[in-house]
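Coordinate inspection notes
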Amino acid sequence: MKLYNLKDSHEQVSFSQAVKQGLGKQQGLFFPQDLPEFSRAEIDELLKLDFVSRSQRILSAFIGDEILTDQLAERVKNAFAFPAPVSTVEDDIASLELYHGPTLAFKDFGGRFMAQILAQIAGEQPVTILTATSGDTGAAVAHAFYGLNNVQVVILYPEGKISPLQEKLFCTLGGNIHTVAIQSDFDACQALVKQSFDDEELKQALHLNSANSINISRLLAQICYYFEAVAQIPAEKRDQLVISVPSGNFGNLTAGLLAKSMGLPVKRFIAATNINDTVPRYLAEGKWLPNQTIATLSNAMDVSQPNNWPRIEELFRRKDWALSELGNGVVDDKTTQDTMRELAAKGYISEPHAAVAYRILRDQLQDGEYGLFLGTAHPAKFKESVEETLGQTLPLPQELAERADMELLSHLLPADFATLRKFLMAKALK
C-alpha cells in the first residue's frame, strides 16, 4: 500500500511507515494512492461473511502484501473482539451501536486495531504515542496500548471539558499511560500535538507516533463497521440507506465515505454537528472560517478545526463527487436535550452525540429511505447530562463502575508547547 501526503504529494510512504509516522511533512495527512473498489456481486458476498472475516478482506484490499494474510487475520480478530449491533428505533430508522467494546465507544475499533498493527510492525523499537482527545479517543487508546512492551502513551485532553466518567476511564490506569489535562480547549490540545510532531529533535528522541484519527490504521479500521452495519440491514433497504454521522474531527465520516467509495451501497451521508459548525458553514458558503470552539453537551464534537476534513475533500476530488451532495446539519443543546427525551419516549436511551445525529437524520430523511445514525458512546459515559435531561437514573456498566471511585493520575499543564516539551522529555519517558 502506497500513501501520499496531502500537503506534499512527493512524499510517498508505505502503510507501515504511515502508521509509524502518523503525519507527513508540514503536518500533512496521508491518503491512499489506490482506492480499491468491489463489484456489487463482491459486495454481496462480503456482506454474507462474519465481521472479522469480512474486515480482514476489506483491510487487505488497502494494505496489500505488507502484512501477511494470516497475520492480518489474527490482528483483526484480536482487535474486533466485540459486536457492532444495529438496533431498530423506528420503522425506518435504526442505530449502529458502536459502544460495546472495552471503553464503551466507537474508538475502540480504531484504537485496538492500531495497537495490534503497531505491535506487528514496530517489533522491539520503543514508541511514544502522543494524542489529543475530546473524550473517547483517550480511553480507547489508553486501554488498547495499556501494558504493551516498549510503548509509552501520552494523552492530552481539555481540563474540565470531558465528562467525569470519561476522564475516570483513561486517567486512572497509570503504568505506561500518562494523561495530561491542558488548561484550554480541544483545539489547543490538538495544536500542541501538531507542534510536537513539527519538532524534529523531540520526534526523534521519543519516536513519536499519533493515535488520533489522523493515523491511517485507525481510519481504515473504522471502514469495517460500516460494512457490518449494512450486513445487518435487510437487502431491499440497502440502496435507500442514509447514514447520519455525529461529526467532530470528521474521521468517522471519512471512514464511511471510504466504505462508499469501495462500493458499499449507501445513498448518502449526513455530517451531523453541534453548534461548532465550521463544515456546515463551509458547505453552505464556500468559506473556511473556524470560530472559537464553544463547549456543548456533545463535547466530543466540540471541534472547530476538524483534522480529517482535507481527506474528505481529497476523496470527493478523486471520485469526482460533488460536495453539495454531502448532507449536513447543526443541532444546539436545547434541541439535543429535546431529542434525547423524544428518543427515550420511543424506548431508546441516547447520549447527546447520537441524539444530534438522529435529529438531523429524522429531519432530512425522505419517503422510501432507510436511516441509520451512529451511536458512538454508551449513554452511561455521559451519565450526568443524560440523567439530568431524562430525569432518570442510569445504571453504570461494569467498565465504568470499577473505575468511578479511583483517583485521577493526570498532570495539569497550561496550553504552552515549551512546558509540554519539557514534560515529555523529562518525565513521560522515565
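Going by the annotation in an unreviewed UniProt entry, the name recorded for the chain is Threonine synthase, with Xenorhabdus stockiae given as the source organism. Quoted verbatim from the Sequence similarities (unreviewed entry) field of the UniProt record, the comment on the chain reads "Belongs to the threonine synthase family." Recorded under Catalytic activity (unreviewed entry), the UniProt text for the chain is reproduced unchanged: "O-phospho-L-homoserine + H2O = L-threonine + phosphate".

**What about the sheet that holds strand 13 (residues 370–375)?**
An order of 4-5-13-10-11-12 is seen for the 6 strands of this open sheet, with the pairing classed as mixed. Of all strands in the sheet, those bounded by a partner on one side alone are strand 4 (86–90) and strand 12 (327–330). Put simply, the sheet's adjacent strands are angled 25° from each other on average, direction ignored. Along the sheet, helix 15 (residues 352–364) contacts strand 4, strand 5 (93–97), strand 10 (241–246), strand 11 (268–273), strand 12 and strand 13; its crossing angle with strand 11, the most-contacted strand, is approximately 130°.

**Here we look at the UniProt feature "domain: Threonine synthase N-terminal" (unreviewed entry) in the chain**
UniProt's entry tags residues 8–80 with the feature "domain: Threonine synthase N-terminal" (unreviewed entry), counted in the numbering of this structure. Between the C-alpha atoms that bound residues 8–80 there is a distance of 33 Å. The span itself is 52% helix and 14% strand.

**A few points about empty space enclosed by the protein**
Enumeration according to the criterion identifies 2 cavities of 30 Å³ or more in this entry. Taken as a whole, the largest cavity spans an internal volume of roughly 300 Å³. Every element with two or more residues in the lining of the largest cavity is listed here: helix 6 (136–145), helix 10 (216–231), strand 10 and helix 11 (251–261). Tallied by class, the residues present in the lining of the largest cavity amount to 12 nonpolar, 13 polar and 4 charged. No fewer than three residues from each of domain 1 (84–103 + 218–390) and domain 2 (107–215 + 405–427) sit in the lining of the largest cavity. For the second largest cavity, the calculated volume is near 30 Å³. Every residue lining the second largest cavity is listed: Tyr99, Tyr348, Ile349, Ser350, Glu351, Ala354, Gly375, Ala377 and Pro379. Of the residues that constitute the lining of the second largest cavity, the class distribution is 6 nonpolar, 2 polar and 1 charged.

**Re the domain arrangement of the chain**
Here the domain parsing of the chain yields domain 1 (84–103 + 218–390) and domain 2 (107–215 + 405–427). When each unit is reduced to the centre of its C-alpha atoms, the spacing between domain 1 and domain 2 is 25 Å. The partner domain 2 presents 31 residues to the 29 residues of domain 1 that form the contact. Across the interface of domain 1 and domain 2, roughly 2500 Å² is buried in total on both sides, 50% from carbon and sulfur atoms. For domain 1, the biggest contributors to the area lost against domain 2 are Thr103, Arg218 and Lys381; these three give 33% of the whole.

**A few points about the packing of helix 4 (residues 69–79) against helix 5 (residues 107–122)**
Following both chains from N to C, one finds helix 4 and helix 5 inclined at 145°, their axes separated by 8 Å at the closest point. Of the two elements, helix 4 crosses helix 5, and the hand of that crossing is right-handed. The residues of helix 5 that touch helix 4, namely those facing Gln71, Leu72, Arg75, Val76, Asn78 and Ala79, are Arg112, Phe113, Gln116, Ile117, Ala119 and Gln120. Residues of the contact of helix 4 with helix 5, tallied by class, amount to 6 nonpolar, 4 polar and 2 charged.

**Some points on helix 15**
Its 13 residues give helix 15 an end-to-end C-alpha distance of 19 Å, which sits within 8% of 18 Å, the value for a rise of 1.5 Å per residue. For helix 15, the buried fraction is high: 10 of the 13 residues fall into the buried class. Taken residue by residue, helix 15 has Pro352, His353, Ala354, Ala355, Val356, Ala357, Tyr358, Arg359, Ile360 and Leu361 as its buried positions.

**Some remarks on the packing of aromatic side chains**
For the structure shown, the criterion picks out 17 aromatic pairs. Taken together, a centroid distance of 5.3 Å and an interplanar angle of 5° make the contact between phenylalanine 51 and phenylalanine 80 stacked. In this pair, phenylalanine 51 sits in helix 3 (residues 51–63) while phenylalanine 80 sits in the loop between helix 4 and strand 4, placing the two residues 29 residues apart along the sequence. Taken together, Phe51, Phe80, Phe82, Phe109, Phe113, Tyr225, Tyr226 and Phe269 form an aromatic cluster joined through their ring pairs.

Here is what the cut-offs are and how they apply
- Residues numbered from 1 in each chain as written.
- Predicted model: local features only at pLDDT ≥ 70, side-chain atom pairs only at ≥ 80, totals over all residues.
- Heavy atoms only, no water.
- UniProt positions renumbered as here; feature names shortened; annotations may be inferred.
- Pairing = 2+ DSSP bridges.
- Helix = DSSP H or I, 4+ residues; strand = E, 2+ residues; numbered from the N terminus.
- Axes fitted to C-alpha atoms, helices over the stretch in contact; angles between N-to-C directions.
- Contact = heavy atoms within 4.5 Å.
- 1 Å grid on protein atoms, 1.4 Å probe; cavity = no way out; pocket = protein on both sides within 12 Å on 5 of 7 lines; lining within 4 Å.
- Points joined across faces, edges and corners; volume = space filled by probe spheres on them.
- Nonpolar A, V, L, I, M, F, W, Y, C, P; charged D, E, K, R; others polar.
- Domains from an automatic or database assignment.
- Buried area = accessible area lost by both parts, 1.4 Å probe.
- Left-handed = near helix turned anticlockwise from the far one by under 90°.
- Expected span 1.5 Å × (residues − 1).
- Buried < 20%, exposed > 50% of the residue type's maximum accessible area, 1.4 Å probe, protein only.
- Phe/Tyr/Trp six-rings, centres within 6.5 Å; stacked < 30°, edge-to-face > 60°.

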